[in-house]
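Structural features, examined
Now for the letters of each chain:
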Protein chains: 2
Amino acid sequence: MPDLTEFSKNAARAVDAMLDELLPKENEEPKWLHSAMRWSTFAGGKRFRPTLVFAVADLFDLPAERVGRTAAAVEMVHTFSLIHDDLPAMDDDDLRRGKPTCHIKFDEATAILAGDALLALAFKAIADDDGLGTDIRLKLIAELAEATGTPRGMVAGQQLDILSEDKEIDAEELERIHIHKTGALIKFSARSAALAAGASVSDLAAITEYASKLGLLFQITDDLLDVTQSTDVLGKTAGKDEESRKSTYVSLYGIEHAKVLAADTKEAAIVALSHFDERAEMLRAIATATLARTA
Amino acid sequence: MPDLTEFSKNAARAVDAMLDELLPKENEEPKWLHSAMRWSTFAGGKRFRPTLVFAVADLFDLPAERVGRTAAAVEMVHTFSLIHDDLPAMDDDDLRRGKPTCHIKFDEATAILAGDALLALAFKAIADDDGLGTDIRLKLIAELAEATGTPRGMVAGQQLDILSEDKEIDAEELERIHIHKTGALIKFSARSAALAAGASVSDLAAITEYASKLGLLFQITDDLLDVTQSTDVLGKTAGKDEESRKSTYVSLYGIEHAKVLAADTKEAAIVALSHFDERAEMLRAIATATLARTA
């Protein structure tokens, strides 16, 4: 087994250094805004998506530096989505990664603006990345925008999620929500490095299939953790799904069946990687660790 | 004098057709979100920025089709900023262009998401624009992101504006707010077409200087209209600046002095255009009409 812990630590270190370089400084005006952007960006996230970017780059022997800005852009978009999803008008959450959310620590207007600014900066980070060819940068920007917006991205997923609250939804609708809300950006994370590496059509297809299953797995385990773990362990308010009467894999299938579904989904992710033989060990380790995660 | 009314009408028609093509359809899920995006995008805006894009393209003999997507992207970013600025946590405005604002017509969560989705879509519109070279598209995306975000763009300006409420600020600080909040996107509108046309360094510098003055003029007249016109004429809540105790060119200089400042700023915009002789008649007409505008 490859050392995923070490790999993740290095990925987090690399993306944090890049984020620190790209984000406006706290001593530059408007300081309050820049502090808010940095507060949420450096709040102790697991850097799951950047790790995935680097792991796919590694599979294709692409040096990590070549995807540093892409990994940072993905994390900026992820942070933007967390800040906006936590707002009172949305999921109204006070706690994230064990710390006050952006609108609690700062204020609501600043949280909206910090999210907006992070989203804009993500596209600039890729546009200015002279380590990648112009065609690839444009492809990444178009795909990242699609994974962010609507009808195929996170924003669409968040809207569907909000509209589904207090409603009975079926398995198909639940999957549709999460393919958008969680899946799209995870899929982009994996694809972005494959695109940057100039992967073949069949390699890209295998990576896309793997990432789709990984995204689904991530969401099922998220739903499981919401009911099985404490707020303390999660760093965000536990039991939130039931409280807001959201349909989840747990509410729909029950804990035991959801666990089986998670295990099956992990297997499907591994199967997608059979295309790559032993070169994809780190990606297999990521799927295994996602199934086993406790926070 | 060129026929600015006719030119603006054609510009509005062209950008509206492009926006209709690019925005997700209202009968596509999530319909509620797409309706909100279209509600605000087609709420009867004057298309000032797209008109400017097309007028600069015209100056450089660049066919209008070549900047259609850029003009649409600018209007998407402008609409995103209006939707978010109108939110209760920000300027809390119920009326925009004579109609209920997005969060009033729909709801707050949807308004936040509609703005987010429009911002992402703007970058995709340019990235996918195969009528422009790859280098130019990347340059446009980087500059648009900068004009949108922080520390040099609209988001920074809105943050500075909010922080300045209830405070005494001086002329320098007021100009700093508006260079970011209004100026950056107007400057990008003019520069984008010049960049797309492959304008020379000196041409680009003249256009940038013109657009900076035009942006300032636009803001001064905006402040004047807020106190001299009715809500009915403006299509947005009049007298809002005084009510929220915002510093404006009027509160700082008084109406008469602000009018003189507006006339001087218009002259400075015209002077910047001397670089172009008669070819820039439409841009001169835009400056003149901005000074004379009544809504």
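Residues numbered from 1 in each chain as written. Chains lettered and ligands numbered in written order. Predicted model: local features only at pLDDT ≥ 70, side-chain atom pairs only at ≥ 80, totals over all residues.

Bringing the overall build of chain A into the picture now. A tally of regular secondary structure across chain A gives 15 helices and 2 strands. In terms of overall dimensions, chain A is globule-like: its C-alpha atoms have a radius of gyration of 18 Å, near the 19 Å expected for 295 residues. Each principal axis of the C-alpha atoms in chain A carries an extent, and together these give about 50 × 45 × 35 Å. Within the span of chain A, comprising 295 residues, buried residues form 54% of the whole. (Helix = DSSP H or I, 4+ residues; strand = E, 2+ residues; numbered from the N terminus. Rg over C-alpha atoms; globule rule 2.2 N^0.38 Å. Buried ≥ 20, exposed ≤ 12 C-beta atoms within 10 Å, placed from the backbone.)

The two copies are related by a screw motion: chain B maps onto chain A through a turn of 180° and a shift of 0.0 Å along the axis, at an RMSD of 0.0 Å. Such values leave the two copies arranged in the relation of a two-fold axis. Among all C-alpha atoms of chain B, that of Thr134 of chain B lies closest to the rotation axis, at 3.0 Å. In this assembly the copies share their binding face: 100% of the residues contributing to the interface of chain B also contribute to that of chain A. (Least-squares fit on C-alpha atoms with pLDDT ≥ 70 in both. Contact = placed C-beta atoms within 7 Å.)

Right, let's get into the interface of chain B and chain A. Reports often express the size of an interface as the amount of accessible area lost when the parts come together. Across the contact, 44 residues belong to chain B and 44 residues belong to chain A. For the side of chain B that touches chain A, the secondary-structure elements that each account for two or more residues are α2 (31–41), α6 (108–127), α7 (134–148) and α8 (154–164) of chain B. In terms of residues, the side of chain B that touches chain A owes the most to one element, α6 of chain B, which gives 13 residues. Split by residue class, the side of chain B that touches chain A holds 26 nonpolar, 9 polar and 9 charged. (Nonpolar A, V, L, I, M, F, W, Y, C, P; charged D, E, K, R; others polar.)

A few words on the confidence of the model for chain A. In this model, chain A carries an average pLDDT of 95, and 98% of its residues clear a pLDDT of 70 or more. Interface confidence for the predicted complex, expressed as ipTM, amounts to 0.96; the pTM equals 0.97. (pLDDT = per-residue confidence, 0-100.)

We now examine helix α2 (residues 31–41) of chain A. Turning to α2 of chain A, its buried residues number three or more, namely Leu33, His34, Ala36, Met37, Trp39, Ser40 and Thr41 of chain A. Next to the buried residues of α2 of chain A lie α1 (4–22), α4 (68–85), α5 (102–105) and α6 (108–127) of chain A together with α8 of chain B.

Residue and element names in this part refer to chain B. Taken N-terminus to C-terminus, the directions of helix α9 (residues 171–196) and helix α10 (residues 201–228) make an angle of 145°; their axes are 8 Å apart at the nearest point. Between α9 and α10 lies a crossing of right-handed hand. In this structure, α9 contributes His178, Thr182, Gly183, Ile186, Lys187, Ala190, Arg191 and Ala194 to the contact, and α10 contributes Asp203, Leu204, Ile207, Thr208, Tyr210, Ala211, Ser212, Leu214, Gly215, Leu216, Phe218 and Gln219. Here the contact of α9 with α10 is built from residues that sort into 10 nonpolar, 7 polar and 3 charged. (Axes fitted to C-alpha atoms, helices over the stretch in contact; angles between N-to-C directions. Left-handed = near helix turned anticlockwise from the far one by under 90°.)

Residue and element names in this part refer to chain B. Relative to the helices and strands, Ile177 resides in helix α9. Note on Ile177: 25 C-beta atoms within 10 Å, which makes it buried. Placed 24 residues apart in sequence, Ile177 and Gly153 show a C-alpha to C-alpha distance of 9.8 Å. Apart from the residues within four sequence positions on either side, Ile177 is in contact with Gly157, Leu160, Asp161 and Ser164.

Ile141 of chain A together with Val56 and Ile141 of chain B are the most contacted members of the largest nonpolar core, which totals 186 residues. Beyond its immediate stretch of four places on either side in the chain, Val56 of chain B contacts Ala190, Ala193, Ala194 and Ile207 of chain B. (Core = buried A, V, L, I, M, F, W, Y, C linked by C-beta atoms within 7 Å.)

Residues and elements named next belong to chain A. Between helix α3 (residues 48–59) and α4, the shortest axis-to-axis distance is 8 Å and the interhelical angle comes to 155°. On the basis of the axis angle, α3 is roughly antiparallel to α4. The chirality of how α3 crosses α4 is right-handed. Between α3 and α4, the residues in contact are Arg49, Pro50, Val53 and Phe54 and Thr70, Ala71, Val74, Glu75 and His78, respectively. Its residues assigned to classes, the contact of α3 with α4 comprises 5 nonpolar, 2 polar and 2 charged. (Parallel < 35°, antiparallel > 145°, perpendicular 65-115°, else oblique.)

Another aspect to go through is unusual backbone geometry. With omega at 10°, the peptide bond leading from Thr150 of chain A into Pro151 of chain A counts as cis. The phi dihedral of Asp277 of chain B falls on the positive side, at around 55°, and the residue is not glycine. Examined against the element boundaries, Asp277 of chain B turns out to sit in the loop between α14 (255–272) and α15 (281–292). For Asp277 of chain B, a count of 8 C-beta atoms within 10 Å gives the class exposed.

This part covers the environment of Leu4 of chain B. Residues and elements named next belong to chain B. Its place among the elements puts Leu4 in helix α1 (residues 4–22). Residues Leu4 and Arg284, spaced 280 residues apart in sequence, show a C-alpha to C-alpha distance of 9.8 Å. Those residues in contact with Leu4 that sit more than four places away from it in its chain are Met282, Ala285, Ile286 and Ala289.

Residues and elements named next belong to chain B. Between its first and last C-alpha atoms α14 spans 26 Å; for 18 residues at 1.5 Å apiece the expected length is 26 Å, and the two agree. All of the buried residues along α14 are Ala258, Ala262, Thr265, Lys266, Ala269 and Ala272. Down the axis of α14, the buried side of the element spans an arc of 120°, and every buried residue falls inside it. Turned more than 90 degrees from where α14 packs its buried face, Glu256, His257 and Val260 sit exposed. (Expected span 1.5 Å × (residues − 1). Arc of directions from axis to C-beta.)

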